[in-house]
Amino acid sequence: MKFIVSSLKLLKSLQALSGVIGSKNTLPILDDFLFQLGEKDLKITTSDLDVTMSVTLQPDMVEGTGEVTIPARLLLEIMKNFPDVPITISVDSNLAVELIAGEGRYKLAGHKSDEFPQLPVMTETSTWEIPADVLAKGFEKTVFATGMDEIRPIMSGVLMEMTENYLTFVATDAHKLVRYRRMDVKSEVAASFIMPKKPINQLKNILATLADEPVRIEFNKTNASFVFGDYVLVCRLIEGRYPNYEAVIPKNNPNQLTIDRQTFLAAIRRVAVFSSKATHQVRFRITGQEIMLTAEDIDFYNEAKERLMCSYTGDDMEIGFNSRFFQEMLGNFDSEEVKLEMSAPNRAGILTPVGNENESEDLLMLLMPVMLNS
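The residue numbers shown here count from 1 along each chain, following its written sequence. Owing to the predicted nature of the model, reporting of local features is limited to residues with pLDDT of at least 70; listing and counting of side-chain atom pairs is limited to 80 or more, with chain, interface and lining totals taken over all residues. Working from all heavy atoms in the structure, the side-chain values ignore hydrogens and water.

When you look at the pairing of strand 23 (residues 317-322) in this model, what are you seeing that I'm missing?
In regular strands, side chains alternate between the two faces of the sheet. Burial runs high along strand 23: five of the six residues are buried. By definition, two strands form a pair when at least two bridges between them are found by DSSP. Secondary structure elements are taken from DSSP: a helix is a run of H or I of four residues or more, a strand is a run of E of two residues or more, and numbering for both begins at the N terminus. Pairing analysis gives six bridges linking strand 19 (residues 281-287) to strand 23, with the strands arranged antiparallel. Across the sheet, Arg 283 pairs through a bridge with Gly 320, a residue of strand 23. For the exposure calls, accessible area comes from a 1.4 Å probe over protein chains only, and a residue counts as buried if that area is under 20% of its type's maximum, exposed if over 50%, partly exposed in between.

I'm lost on the sheet that holds strand 15 (residues 214-219) in this one. Help?
In a beta sheet, neighbouring strands are held together by backbone hydrogen bonds and run either parallel or antiparallel to one another. The strand order across the open sheet formed by eight strands is 6-2-3-4-17-16-15-10, and the pairing between neighbours is antiparallel. The open sheet has two free edges, formed respectively by strand 6 (66-71) and strand 10 (126-131), since each of these has just one partner strand. Ignoring strand direction, the axes of neighbouring strands in this sheet form an average angle of 20°. Inspection of the sheet shows strand 2 (residues 32-37) paired to strand 6 by six bridges, in the antiparallel sense. Within strand 6, the position partnered with Asp 32 by the bridge is Pro 71. Lines fitted to C-alpha atoms define the axes here, with helix axes fitted over just the stretch in contact, and angles between the N-to-C directions of these axes take values from 0 to 180 degrees.

Can you help me understand helix 3 (residues 132-142) in this one?
Helical periodicity: at 3.6 residues per turn, an α-helix aligns residues three or four positions apart in one direction. The element helix 3 is extensively covered by neighbouring structure, given that eight of its 11 residues are classed as buried. Those residues of helix 3 lying buried are Ala 132, Val 134, Leu 135, Ala 136, Gly 138, Phe 139, Lys 141 and Thr 142.

Mind showing me how you'd approach helix 2 (residues 72-79) here?
Within helix 2, the full set of buried residues consists of Ala 72, Leu 75, Leu 76 and Met 79. Axial view of helix 2: buried residues confined to an arc of 100°, hence all on one face. Elements that come into contact with the buried residues of helix 2 comprise helix 1 (7-18), strand 2, strand 6, strand 7 (86-91) and strand 8 (96-101). Arc definition: it is the arc formed by the directions from the helix axis to the C-beta atoms. Any pair of residues with heavy atoms lying within 4.5 Å of one another is described as a contacting pair.

Structure, rendered in C-alpha cells:
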C-alpha cells in the first residue's frame, strides 16, 4: 500500500486524534495509529478502549489498499518537523513503513492491525443533531465544574439533556454546579446521557472551528457516537442516574449584587494570593453599595483587603467562598457584568450574566459557601 498526502493535512489530523491515546495503555497496540487505506480514501483511528476516534482523508494519490498500525509518538515527532510538502508513505509486505519527503527518507516498523479494538456495535439508538458551535460552547461552559471523585463517577461527567423546550448541559462536583441551557435546540422526545470528561475535551476544541455545522449524535444506554466533518468519535458513557440538580438551586434569593465582571475577577485574584492555602477562603462583606473582599492566612500572618463599588439590593451580609472556584466561574462568563444572588451565609450563591447578547442562552453557576473563620 502507498499514498501521497500533504504533510500539513496529515499532521493536523494526527494531532486532533492524539489526545485519545492514553499515557499508560494496557495494550501496546493502543500506542499506535491505525491506518486503513481504501481505493480512494485513508482512515486513521486511535483508541484507548473507552474512546475511539477516526478521521477520513482523501490522499492525492493511492496505490493499493491495506491496513497497518504505526507508533504514534514516533510518527508525530517526525511529522512536526516537516514543512508543508507532499509526503509519500508506503508499507511493504513485512509492514515496514517508509516516509519520503523531498530528499529525506525515514523508515519505521509498523504492526499488524488484528489486535486493534473494533468499534462497538450500537443498537436501539436515539439520534440528535446539534450545531457544532452550540455543542462546543455547552462543553466549554460546563466541563470545568466536573468532579474527580472515583466514588461518585456520575459527577465526573457532563449531563446532556434534551427536552421539547431546550437542550441542557449540567456539571457539578457537589461544591459548584453549572447549568448551561439553549432554547434554540430541542427535541420532541426527551432523552439524556452523561458524557465523560476525556471525550468532551477531545471534542470541544475541534468543534469550535466548525461554526454551525451539524453534529450527528447517536446514543444508547452505554455508548455515544459523534459524527462531524471528516471525524467520528465513539465513547463509552457514564452509566447511572444524575442527581436532581434543579432541587439544589435556591429559588428565593433576595440579596442581589451586580458588578463589573473583570473588575471583580481581578480583585479576587489579588486578594486570593493572601488566602489560606488550605481553604482558599475569601470573605465577602457587603454593606450599602460596596463590597469588601478580605483574605488572610493566619499561619503566615498574611492579610489582604480590597473595597469595590457595586449595585446591591438586600440586607448587609458576610459570606465566604472558595476563591479558586469563584475565579473559575467568573472566567467562564462572556458578559461585562455578572449578578450574584444570595439568601444566607450558609446557602449557595448563584452567579448569572447580566445583559446576555444571545437570548437563546441561559447560563447559571452555583457555588456553595465556605464556613467563615471566626
